[in-house]
Amino acid sequence: MNKSILIVDDEPDFLDVIEVALVLGGYQVMRAKDGKQAWEILGVETPDIILSDYSMPRMNGCQLFDLVRNSDRSKNTPFIFMSSTPELISSVGAYSMLRKPFQFDTLMDKVDSMSS
Amino acid sequence: MEQILAEWDRFARTLELDGLLSRKEIRDHAEQILRAIALDIDTHQSAEQQQRKSQGLSPGNAAASGASIHGTARQHDGFTLLQLTAEFRALRATVQRLWFALGNALTPAHSADLIRFNEAIDQALAESVVTYVAQATRTKDTFLAILGHDLRNPLATIALSGSLLAQPGMTKEATALLAPRIKRSASMMNSMINDLLEYARAELGGEMPMAFSDSDMSEICRSAVVDASAVHPQCSFIFNVEKPVPGCFDQIRLQQVFTNLLNNAAQYRGDDLPVTMTLSSDVESATIAIQNSGALIPKEAIDAIFDPMVQLAITTEQTERATTSLGLGLYIAKKITEAHDGSISVESRDPVGTTFTVVIPRGRP
């Protein structure tokens, strides 16, 4: 059974490309265009990893992270931030970081290490 | 007080502050500063305190803290440092001129008051400048952070796509999916870099090169719709035009304006709603309206929407998080419109949504 990953980003092109990468890496992918949609998905699905952008409309990555960490259902799910400006992320708690831009190998190293 | 404020009002008209603040706001600020200074003069001051104040070592007082707030406010309002210092210079000159015009003899007590007044003005000015510069630095830091974010996002799509193309397991379908995304991302980066260069050129006082020629505004609009559709393939763009609108325009520049406006409208529209572009004309001018429905633009953001630095200062403070757009496109749209002797305006209200309206004269400027 493939591991599942929820990807969250408001850039549709980037979302498409990262989906191609993760499918190639053997993951089953769920996608959301912002934190709000991701939170709705997390109400019914339990992905093995959450990979989320930081700057998004409606609900940003930090707000999503806070909800996830305070939820019994998903509080232990590994959470990886993707951001081009990681210095702006102010949330506290256990999360991992992928600095945009990144290459395929960097992405796979990160998600594989978090899912193992 | 009223006489000083009336003089001040006359001076303010010479500061080219139109559009930055209303007349009432300018008067309110001057009144606040004067009241704070009057309070400072009425407060007892020892020789030692006076010495420390002259060396800029005085602790904050009412005038100084009022001026601190004033400095930050002026940066928000889009004032230059020169305009900020001109305000204090004019206040000093106005008060002294009016005082001497009353025919007052200069007694030792009056001299002391005048010295106190000048000290208070100097200290208020110094405090204002400190907070003005601090605010300007914060805004510039935010500008750079967002610039990095805006450029790295499409770069992230290109970088990941590039490394994927070298992977052995890539199918033909997956490869075909990457190509248009790489192209769009490169095009977005190119557009951002162009905007940034235009902004830098305008800020450095350079002229925007224009190339006017006989052309058809409906074709310019149509080309902009094609450009925006390529960037936002999921968005439906509706273009309303009845007939060709010939005139003397800079085609490339105006296409840049309309593409920027259409891209913004697509980015900030509500889910699955269309963006509408309407071209109308009379003998004198062409009017282009670009409308979307979605979250409205707050009133305080509308006032400064064509000034990226002011806009950044407002949005960063109000939302306590970084915005994700520099708004350079709107600044450049205004510059290009002005180079055509035209105008650009925005209205955002329920239930119509947000409409940017550009009016361009059809004759050569």
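The shown structure was predicted, so the numbers you read here are calculated from the model rather than taken from an experiment.

Scoring rules and cut-offs
- Residues numbered from 1 in each chain as written.
- Chains lettered and ligands numbered in written order.
- Predicted model: local features only at pLDDT ≥ 70, side-chain atom pairs only at ≥ 80, totals over all residues.
- Helix = DSSP H or I, 4+ residues; strand = E, 2+ residues; numbered from the N terminus.
- Buried ≥ 20, exposed ≤ 12 C-beta atoms within 10 Å, placed from the backbone.
- Contact = placed C-beta atoms within 7 Å.
- Axes fitted to C-alpha atoms, helices over the stretch in contact; angles between N-to-C directions.
- Parallel < 35°, antiparallel > 145°, perpendicular 65-115°, else oblique.
- Left-handed = near helix turned anticlockwise from the far one by under 90°.
- Pairing = 2+ DSSP bridges.
- Nonpolar A, V, L, I, M, F, W, Y, C, P; charged D, E, K, R; others polar.
- Core = buried A, V, L, I, M, F, W, Y, C linked by C-beta atoms within 7 Å.
- Expected span 1.5 Å × (residues − 1).
- Arc of directions from axis to C-beta.
- pLDDT = per-residue confidence, 0-100.

### Points about the overall build of chain A
Summing up its helical and strand segments, chain A has 4 helices and 5 strands in all. Overall, chain A shows an N-to-C arrangement of helices and strands of β-α-β-α-β-α-β-β-α. Expressed as a percentage of its 116 residues, the buried residues of chain A come to 41%.

### Some points on the overall build of chain B
Helix and strand content of chain B: 12 helices and 7 strands. By the burial criterion, 33% of the 365 residues in chain B qualify as buried. Across chain B, the fraction of contacts at a sequence separation of at least 24, relative to all contacts at a separation of at least 6, is 74%.

### Some points on the packing of helix 2 (residues 35-42) of chain A against helix 3 (residues 61-69) of chain A
Residue and element names in this part refer to chain A. Following both chains from N to C, one finds helix 2 and helix 3 inclined at 20°, their axes separated by 9 Å at the closest point. In this view, helix 2 runs roughly parallel relative to helix 3, as classed from their interaxial angle. Note that helix 2 runs across helix 3; the crossing there is right-handed. Each of Gly-35, Ala-38, Trp-39 and Leu-42 in helix 2 lies in contact with helix 3, whose residues at this interface are Gly-61, Gln-63, Leu-64, Leu-67 and Val-68.

### Some points on the sheet that holds strand 2 (residues 28-32) of chain A
Residue and element names in this part refer to chain A. Read across the open sheet, the 5 strands follow the order 2-1-3-4-5; overall the sheet is parallel. The open sheet has two edge strands with one neighbour each: strand 2 and strand 5 (96-99). When the angles between neighbouring strand axes are averaged without regard to direction, this sheet yields 20°.

### What about unusual backbone geometry?
Lys-100 of chain A connects to Pro-101 of chain A through a cis peptide bond whose omega is -5°. When you line up the elements, Pro-101 of chain A lands in the loop between strand 5 and helix 4 (104-115). With omega at -5°, the peptide bond leading from Asp-350 of chain B into Pro-351 of chain B counts as cis. Examined against the element boundaries, Pro-351 of chain B turns out to sit in the loop between strand 6 (343-349) and strand 7 (353-361). Positive phi values are uncommon outside glycine, yet Asp-341 of chain B reaches one of about 60°. Within the element layout of this structure, Asp-341 of chain B appears in the loop between helix 12 (328-339) and strand 6.

### So, the interface of chain B and chain A
Across the contact, 26 residues belong to chain B and 21 residues belong to chain A. For the side of chain B that touches chain A, the secondary-structure elements that each account for two or more residues are helix 6 (108-165) and helix 7 (172-203) of chain B. Sorting elements by how many residues they give to the side of chain B that touches chain A places helix 6 of chain B first, with 13 residues. Looking at the side of chain B that touches chain A residue by residue, the classes come out as 11 nonpolar, 11 polar and 4 charged.

### Digging into the sheet that holds strand 6 of chain B
Residues and elements named next belong to chain B. The strand order 2-4-5-7-6 describes an open sheet built from 5 strands, whose pairing is mixed. Whereas interior strands pair on both sides, the edge strands pair on one side only; in this sheet they are strand 2 (237-241) and strand 6. With strand direction ignored, the average angle separating the axes of adjacent strands in the sheet is 15°. Of the pairings in the sheet, the one linking strand 2 to strand 4 (residues 275-281) comprises 5 bridges and is parallel in character. Counted as the bridge partner of Phe-239 is Met-277 from strand 4. Set on the sheet, helix 8 (residues 217-231) makes contact with strand 2, strand 4 and strand 5 (285-292); between it and strand 2 the angle comes to about 175°. Contacting strand 2, strand 4, strand 5 and strand 7, helix 9 (residues 251-267) runs over the sheet at an angle of about 20° to strand 5.

### Looking at the nonpolar core
Ile-5, Leu-6, Ala-21 and Leu-51 of chain A together with Leu-160 of chain B are the most contacted members of the largest nonpolar core, which has 35 residues in total. When residues of this core are traced back to their parent elements, those giving at least two are strand 1 (4-8), helix 1 (12-24), helix 2, strand 3 (49-53), helix 3, strand 4 (79-83) and helix 4 of chain A together with helix 6 of chain B. The element contributing the most residues to this core is helix 1 of chain A, with 6 residues. Contact partners of Leu-51 of chain A, with chain neighbours within four places excluded, come to Ile-5, Leu-6, Ile-7, Ile-80, Met-82 and Val-111 of chain A. Listed in part, the 34 residues of the second largest apolar core include Ile-220, Phe-258, Phe-306 and Leu-328 of chain B.

### A closer look at the packing of helix 7 of chain B against helix 12 of chain B
All names here are of chain B. In contact at an axis separation of 9 Å, helix 7 and helix 12 are set at 55° when each is read in the N-to-C sense. When the axes of helix 7 and helix 12 are compared, the pair comes out oblique. Once helix 7 is placed against helix 12, the crossing between them reads as left-handed. Between helix 7 and helix 12, the contacting residues are Asp-195, Leu-196, Glu-198, Tyr-199 and Ala-202 on the first element and Leu-328, Gly-329, Tyr-331, Ile-332 and Lys-335 on the second.

### Details of helix 4 of chain A
In this model, helix 4 of chain A (12 residues) spans 16 Å end to end at C-alpha, consistent with the 16 Å of a helix rising 1.5 Å per residue. Turning to helix 4 of chain A, its buried residues number three or more, namely Phe-104, Leu-107 and Val-111 of chain A. Considered in projection along helix 4 of chain A, the buried side chains sweep an arc of 65° and stay on one side of the axis. Opposite the packed face of helix 4 of chain A, turned more than 90 degrees from it, sit the exposed residues Asp-105 and Ser-113 of chain A. Residues of helix 4 of chain A that are buried sit in contact with strand 1, helix 1, strand 3 and strand 5 of chain A together with helix 6 of chain B.

### Digging into the confidence of the model for chain B
Across chain B, the average pLDDT comes to 81, with 86% of residues at 70 or higher. For the stretch residues 316-324 of chain B, pLDDT sits under 50, and the model shows 15 contacts to residues farther than four places along the chain or on other chains.

### Points about helix 3 of chain A
When we look at burial in helix 3 of chain A, the residues that qualify are Gly-61, Cys-62, Leu-64, Phe-65 and Val-68 of chain A. Each buried residue of helix 3 of chain A lies within a common arc of 160° when the element is viewed along its axis, so the set occupies one face.

### Observations concerning the environment of Phe-306 of chain B
Residues and elements named next belong to chain B. Following the sequence through the fold, Phe-306 ends up in the loop between helix 10 (299-303) and helix 11 (308-319). In this structure the C-alpha to C-alpha distance between Phe-306 and Ile-344, which are 38 residues apart in sequence, comes to 9.4 Å. Not counting the four nearest positions on each side in its chain, Phe-306 is found in contact with Leu-330, Tyr-331 and Lys-334.

### Considering the confidence of the model for chain A
Should the pLDDT be low somewhere, the predicted coordinates at that spot are not to be read in detail. Looking at chain A as a whole, the pLDDT averages 90, with 93% of positions reaching at least 70. Ranking the elements of chain A by mean pLDDT puts strand 5 of chain A last with 90 and strand 1 of chain A first with 97.

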